[in-house]
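# Chain and residue survey
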Amino acid sequence: MSEKSKSPTKAQVMSFVLPFFIGGTYYAYVGVNHISTHPHQTLDYILAVPYAYITLGTCSGIFCLCFWRMAEGFLSMIKNWIIPKNDGQTTVKMQSYQP
């Protein structure tokens, strides 16, 4: 493996981080809204937000990261299949055989 593929790129990191915060924020909003409409304790508010990020934030981040990696691999496979690399091969030159 090359060194480039071992370290995550900025796009791979952002494909996890953005859905993590979006999913966690949405689930925290739903959780706090649900707690507000039903009988609750103060501890419920304190636990709702971290629990939202731990559960739905992490799940949506992992899902989007896996989808990103799969799409990235699929696109590179299609690109290599349609446009094959010239791995240092020399092209055959046409020569004329005239006496």
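Scope of this entry: the structure provided in the associated data block. Since we're looking at a predicted model, the values are computed, not measured.

## A word on the overall build of the protein chain
Tallying secondary structure elements over the protein chain gives 3 helices and 0 strands in all. The buried share of the protein chain, taken over its 99 residues, is 12%. In the protein chain, the share of contacts with a sequence separation of at least 24, taken over all contacts with a separation of at least 6, comes to 82%. When the accessible surface of the protein chain is summed, it comes to about 8,700 Å², and 69% of that surface belongs to carbon and sulfur atoms.

## Some thoughts on helix α3 (residues 42–82)
Taking 1.5 Å as the rise per residue, α3 with 41 residues should run 60 Å; its terminal C-alpha atoms sit 60 Å apart, in good agreement. Maximum bend of α3: about 30 degrees, positioned at Gly57. Ala48, Ala52, Gly57, Ser60 and Gly61 are the residues of α3 that are buried. Structurally, α3 contributes buried residues whose contacts are with α2 (10–37).

## A few points about the pattern of salt bridges
Pairing is possible between side chains that carry opposite charge, provided their charged atoms lie close to one another. Evaluated as defined, the whole model comprises 1 salt bridge. The closest approach of N and O atoms between Arg69 and Glu72, which form a salt bridge, is 3.5 Å. In this pair, Arg69 and Glu72 are both assigned in helix α3, 3 residues apart and thus about one turn of the helix distant.

## A word on the packing of α2 against α3
Between α2 and α3, whose axes approach to 6 Å, the crossing angle comes to 145 degrees. Between α2 and α3 the crossing geometry is right-handed. A per-class count over the contact of α2 with α3 returns 21 nonpolar, 11 polar and 3 charged.

## A short note on a nonpolar patch on the surface
Taken together, Tyr26, Tyr27, Tyr29, Val30, Tyr51 and Leu56 make up a surface patch of nonpolar side chains, about 630 Å² in accessible area. Of the residues forming the nonpolar patch, the biggest block, 4 residues, is contributed by α2. With respect to the helices, strands and loops of the structure, Tyr26 is situated in helix α2. Relative accessible area serves as the criterion here: at 54%, Tyr26 is assigned to the exposed category.

## Here we look at α2
For α2, which comprises 28 residues, the first-to-last C-alpha distance of 40 Å matches the rise-based estimate of 40 Å (1.5 Å per residue) to within 8%. Within the span of α2, buried status applies to Gln12, Ser15, Pro19, Gly23, Gly24, Ala28 and Ile35. As for α2, its buried residues are in contact with α3.

## What about the packing of aromatic side chains?
Taken as a whole and assessed by the stated rule, the structure comprises 4 aromatic pairs. When the centroid spacing of 5.8 Å and the interplanar angle of 45 degrees are considered together, the rings of Phe20 and Tyr53 count as tilted. Remark: Tyr53 occurs in helix α3 and Phe20 occurs in helix α2; sequence separation between them is 33 residues. Tyr53 gets classed as partly exposed once you look at its relative accessible area, which sits at 21%. Summarising the aromatic geometry, the rings of Phe21 and Tyr53 are spaced 6.3 Å apart at their centres and angled 70 degrees between planes, so their arrangement reads as edge-to-face. Here Tyr53 lies in helix α3 and Phe21 lies in helix α2, a separation of 32 residues in the sequence. Joined through ring pairs, the aromatic side chains of Phe16, Phe20, Phe21 and Tyr53 make up one cluster.

Parameters at a glance
Residues numbered from 1 in each chain as written. Predicted model: local features only at pLDDT ≥ 70, side-chain atom pairs only at ≥ 80, totals over all residues. Heavy atoms only, no water. Helix = DSSP H or I, 4+ residues; strand = E, 2+ residues; numbered from the N terminus. Buried < 20%, exposed > 50% of the residue type's maximum accessible area, 1.4 Å probe, protein only. Contact = heavy atoms within 4.5 Å. Areas by Shrake-Rupley, 256 points an atom, 1.4 Å probe, with all protein chains shown as cover. Expected span 1.5 Å × (residues − 1). Bend = angle between axes of the 7 residues up to and from the residue. Salt bridge = Lys/Arg side-chain N within 4 Å of Asp/Glu carboxyl O. Axes fitted to C-alpha atoms, helices over the stretch in contact; angles between N-to-C directions. Left-handed = near helix turned anticlockwise from the far one by under 90°. Nonpolar A, V, L, I, M, F, W, Y, C, P; charged D, E, K, R; others polar. Patch = residues over 30% accessible without salt bridge, like charges linked within 9 Å, V, L, I, M, F, W, Y side chains within 5 Å. Phe/Tyr/Trp six-rings, centres within 6.5 Å; stacked < 30°, edge-to-face > 60°.

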